[in-house]
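# Understanding the architecture of this molecule
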Amino acid sequence: MITFFPGPSRVYPQVATFMQEAFEQGLLSISHRSETFNQMSEKTIGLVKSKLNVPADYTVFYTSSATENWEIIAQSLTTQQSTHFYSGAFGEKWHEYARKIHSQAEGFRFDTNDHADVASWQVAPESEVICITQNETSNGTQIPAASIEKLRELHPEKLIAVDVTSSLAGIALPFAAADIWYGSVQKCFGLPAGLGLLICSPRAIERAQSIGERGHYNSFLVMLDNIKKWQTSCTPNVLGIYLLMRVLETMPHISEIDAQTKARACAYYEAVQAAQNLSLLVENEAVRSDTVVAVKGTKEQVAAWKTQAKQAGILLGAGYGSWKETSFRIANFPALQPAEVAALLDLLPKLS
Ligand SMILES: O=C(O)C(=O)[C@H](O)COP(=O)(O)O
Ligand SMILES: N[C@@H](CCC(=O)O)C(=O)O
């Protein structure tokens, strides 16, 4: 069965070999305070930066998941208020979690088809962090890079935090335009779940230092002390870090992946538009995601399409949140092989 679920998703076929290597090299039993670990961790972070084009002065941290990053941002980089703009379920959840820590966290929903009109977004003067979901996995929308750059220009004094859970390592991102970026490896990295990444600007680090929060194992400053030695405060997913290192070593530079993702996204959007029975969930072309393609239908249609796809050996991604039963999603992640993409493109017009 070829899976097009947007997370956990298709892993790179080489992952089988990499897992065996990790076992044979004894890495699964090494201490995370050892020199062997430090070297592997340093190399992995170097590769994240070089392959994904992360600015040299940004710091990369390991976390357990994207969800943990919501907590870290609220707990260690915000003292009272963050401002959240979202159109879908994951942006909304982030706001809900932030509110549990800071009741003043404000949230604004915009429509799925709205072009992120950042100039009209009202941010309270006392708000410290602007939080956006660059790629909203639940509805297949994305905030274009130019909007993030504009947001930076409009709010030079605020921290900007960007959820790129389902686009990190799938498209090129404008890292310099924001302070905090995070994602999980079970999406575009084509890896098994259980590892998150948090990528921060020097300004984010300065802000954490001025706040001084150190009350938790995952307090940003505790993580910073550790990552200076290439380590983590708790025992990390050593296998996950090794697999990440190996995938990064073998993958092309993000500029190449970006071109492939965008070409495949175009092919999917064209195929859905040309298919007699299918409709795209996102009508506004300018905000359609490059990495998650969402197709809508009635509950009955979606169920029938998923069954027909299964019969053809294809697992379509389920809908999520309010779109759970009335959409399916296609993960356009780099680990999907050309023949698998071709099989789905061939199937789409046949769904009835
Ligand atoms: O697309 C997303 O966003 C998600 O699926 C989740 O937020 C992933 O978060 P974690 O499971 O990695 O915490
Ligand atoms: N992380 C999601 C699954 C991913 C998705 O379906 O977008 C969850 O909590 O269920």
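In what follows, the structure referred to is the one given above.
Residues numbered from 1 in each chain as written. Chains lettered and ligands numbered in written order. Predicted model: local features only at pLDDT ≥ 70, side-chain atom pairs only at ≥ 80, totals over all residues. Heavy atoms only, no water.

Our next topic: the site of ligand 1. Every residue lining ligand 1 is accounted for by Ser-65, Ala-66, Thr-67, Phe-90, Thr-137, Thr-165, Ser-184, Gln-186 and Lys-187. At a separation of 3.1 Å, an oxygen atom of ligand 1 approaches a polar side-chain atom of Gln-186. Protein contacts shield 81% of the accessible area of ligand 1, which totals 350 Å² for the unbound molecule. In terms of residue class, the shell around ligand 1 is made up of 2 nonpolar, 6 polar and 1 charged. (Near = heavy atom within 4 Å. Polar contact = N/O pair within 3.5 Å; in protein donor to acceptor, adjacent residues only side chain to side chain. Areas by Shrake-Rupley, 256 points an atom, 1.4 Å probe, with all protein chains shown as cover. Nonpolar A, V, L, I, M, F, W, Y, C, P; charged D, E, K, R; others polar.)

Ranked by size, the top nonpolar core spans 82 residues in total, and within it Trp-181, Phe-189 and Phe-220 carry the most contacts. A total of 8 residues in this core trace back to one element, the largest contributor, which is helix H8 (residues 238–250). Counting 25 residues, the second largest nonpolar core, distinct from the first, contains Tyr-268, Ala-275, Leu-280 and Leu-316. (Core = buried A, V, L, I, M, F, W, Y, C linked by side-chain atoms within 4.5 Å. Buried < 20%, exposed > 50% of the residue type's maximum accessible area, 1.4 Å probe, protein only. Helix = DSSP H or I, 4+ residues; strand = E, 2+ residues; numbered from the N terminus.)

Quick look at the pattern of salt bridges now. A full pass over the atoms with the stated rule returns 14 salt bridges. Here Lys-296 and Glu-283 are joined by a salt bridge, their closest N and O atoms 3.1 Å apart. Placement of Lys-296 in strand E12 (residues 292–296) and of Glu-283 in the loop between strand E11 (279–280) and E12 is noted, with a sequence separation of 13 residues between them. On the basis of relative accessible area, Glu-283 is assigned to the exposed category, the value being 53%. (Salt bridge = Lys/Arg side-chain N within 4 Å of Asp/Glu carboxyl O.)

Okay, the sheet that holds strand E3 (residues 82–86) next. The strand order E2-E10-E9-E8-E5-E3-E4 describes an open sheet built from 7 strands, whose pairing is mixed. Both outer strands of the open sheet, strand E2 (59–63) and strand E4 (106–109), are each paired with one neighbouring strand and no more. For this sheet, the mean inter-axis angle between neighbouring strands, taken without regard to orientation, is 20°. Note: E3 against E4, 4 bridges, orientation parallel. When the sheet's bridge partners are listed, Tyr-86 is paired in E4 with Arg-109. Helix-sheet contacts for helix H3 (residues 66–76) involve E2, strand E5 (129–133), strand E8 (159–163), strand E9 (180–184) and strand E10 (196–200), and the interaxial angle to E9 is about 155°. (Pairing = 2+ DSSP bridges. Axes fitted to C-alpha atoms, helices over the stretch in contact; angles between N-to-C directions. Contact = heavy atoms within 4.5 Å.)

Turning our attention to the site of ligand 2. In the region of ligand 2, the neighbouring residues are Gly-7, Phe-90, Thr-137, Lys-187, Tyr-320 and Arg-329. Summarising the interface, the protein chains cover 62% of the accessible area of ligand 2, which totals 290 Å² for the free molecule. Of the residues that constitute the shell around ligand 2, the class distribution is 2 nonpolar, 2 polar and 2 charged.

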